[in-house]
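Residue strings, one per chain:
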Amino acid sequence: MSSQPPIGEIQSAIRSAPGVPVIRNVNWGGLKTLYVKEVRRFFKVQLQTVWAPAITTLLFLIVFTIATGAKSPVQVGGTIVPFADFIAPGLIISQGMVGPAFANASFSLLVGKIQGTIVDYLQPPLSTAELLAALVGGAMTRAFLVGFICWCAMALYPGVHVTPAHPLAILWFGFLGAAFLSFLGVLTSIWAEKFDHAAAVTNFVIAPLSLLSGTFYSVDRLAPAFRAFSHANPFFYIISGFRYGFLGTADSPIMVGSIAILAVDVVLGVTCYVLLRKGWKLKN
């Protein structure tokens, strides 16, 4: 009788050939580890990453409601609503969520390139999709956390009503908006070579589009040329749809805005995936 072990046991003891992946499906352990790392990173400096943007958003609300009057009416989609109720949802999404999402996503890879630790993101056994999902997931977590804090504080602020009328619309457009800025942040961190480049995108792209998106005014009151510019601004559809979740009315068709932002998110996501897979400005 032969004392040789079965062929199956011999094959199971042989290590995979070089270049053959051992993890052939989703590396859930690695994905979770990187996601938790991203969340813990901004939690370690939560005074700057969470509470500071939340307080800034509340200061915007206080200043504008005092300056214009909390009861001043605004017409939105043919419905008259108090100014405080109109501005609060826009501040939550435009100041409290999209800014932190972009800041978080644009930091990780950029600081890795500057400090020479980018290998910590590229070397682990994570696929391109898993790396992108962890980076975007961490940024969106920060966005929803800051947004939730802002909503809780505004709910206690006198004269402001932020009771959800359509909770699913709030979650959906919050998700689309946070994903949009997260993908844009990852794209910026891939392209940027120093912090000045990321700051330039914040100051000359994010801030103008956010402030000129109907956060503080209804676009129906604008001249036709400026109204057309607002309708070409993706932030407008994010804010309009998010505001619809609270007021039940919006400046634009909800379905059109949803499809438009979803399409932009898909394009940005695919672009980030392709650039990460090629290692553009990361492996050079």
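Residues numbered from 1 in each chain as written. Predicted model: local features only at pLDDT ≥ 70, side-chain atom pairs only at ≥ 80, totals over all residues. Heavy atoms only, no water.

S.K.: Mind showing me how you'd approach the environment of Ala103 here?
M.R.: Residue placement: Ala103 occurs in helix H5 (residues 98-105). We classify Ala103 as partly exposed; its relative accessible area is 32%. (Helix = DSSP H or I, 4+ residues; strand = E, 2+ residues; numbered from the N terminus. Buried < 20%, exposed > 50% of the residue type's maximum accessible area, 1.4 Å probe, protein only.)

S.K.: How do you make sense of the nonpolar core when you look at a structure like this?
M.R.: Across soluble globular proteins, nonpolar side chains have a tendency to be buried as a group. Ranked by size, the top nonpolar core spans 69 residues in total, and within it Leu109, Leu181, Val186 and Phe242 carry the most contacts. Counting residues per element, this core draws most heavily on helix H8 (residues 128-156), which supplies 12 residues. Residues within four places of Leu109 in sequence aside, it is in contact with Ile118, Tyr121, Leu135, Val186, Ser189, Ile190 and Leu276. (Core = buried A, V, L, I, M, F, W, Y, C linked by side-chain atoms within 4.5 Å. Contact = heavy atoms within 4.5 Å.)

S.K.: When you look at a nonpolar patch on the surface in this model, what are you seeing that I'm missing?
M.R.: Together, Trp172, Phe175, Leu262, Val266, Val270, Tyr273 and Val274 make up an exposed nonpolar region whose accessible area comes to about 580 Å². Contributing elements (two or more residues each) for the nonpolar patch: helix H9 (167-191) and helix H13 (254-278). In terms of residue count, the dominant contributor to the nonpolar patch is H13 (five residues). Position of Trp172 relative to the elements: it lies in helix H9. Taking the relative accessible area as the measure of exposure, Trp172 reaches 34% and is therefore partly exposed. (Patch = residues over 30% accessible without salt bridge, like charges linked within 9 Å, V, L, I, M, F, W, Y side chains within 5 Å. Areas by Shrake-Rupley, 256 points an atom, 1.4 Å probe, with all protein chains shown as cover. Salt bridge = Lys/Arg side-chain N within 4 Å of Asp/Glu carboxyl O.)

S.K.: Just checking my understanding: could you explain the packing of aromatic side chains for this structure?
M.R.: For any two aromatic rings, the description comes down to two numbers: the centre-to-centre distance and the angle of the planes. What the rule picks out here adds up to 11 aromatic pairs. Ring centres of Phe64 and Phe216 lie 4.5 Å apart, and the angle between their planes is 20°; this geometry places the pair in the stacked category. Remark: Phe216 occurs in the loop between helix H10 (195-211) and helix H11 (224-231) and Phe64 occurs in helix H3 (residues 46-68); sequence separation between them is 152 residues. For Phe64, a relative accessible area of 27% gives the class partly exposed. When its relative accessible area of 15% is taken as the criterion, Phe216 is described as buried. In textbook terms, an aromatic cluster arises when at least three aromatic residues are bridged by ring pairs, as seen for Phe60, Phe64 and Phe216. Sitting over the face of the ring of Phe86, Arg243 holds its NZ or CZ atom 3.8 Å from the ring centroid. (Phe/Tyr/Trp six-rings, centres within 6.5 Å; stacked < 30°, edge-to-face > 60°. Lys NZ or Arg CZ within 6 Å of the ring centre and 35° of its normal.)

Nothing here speaks to function; it is all geometry.
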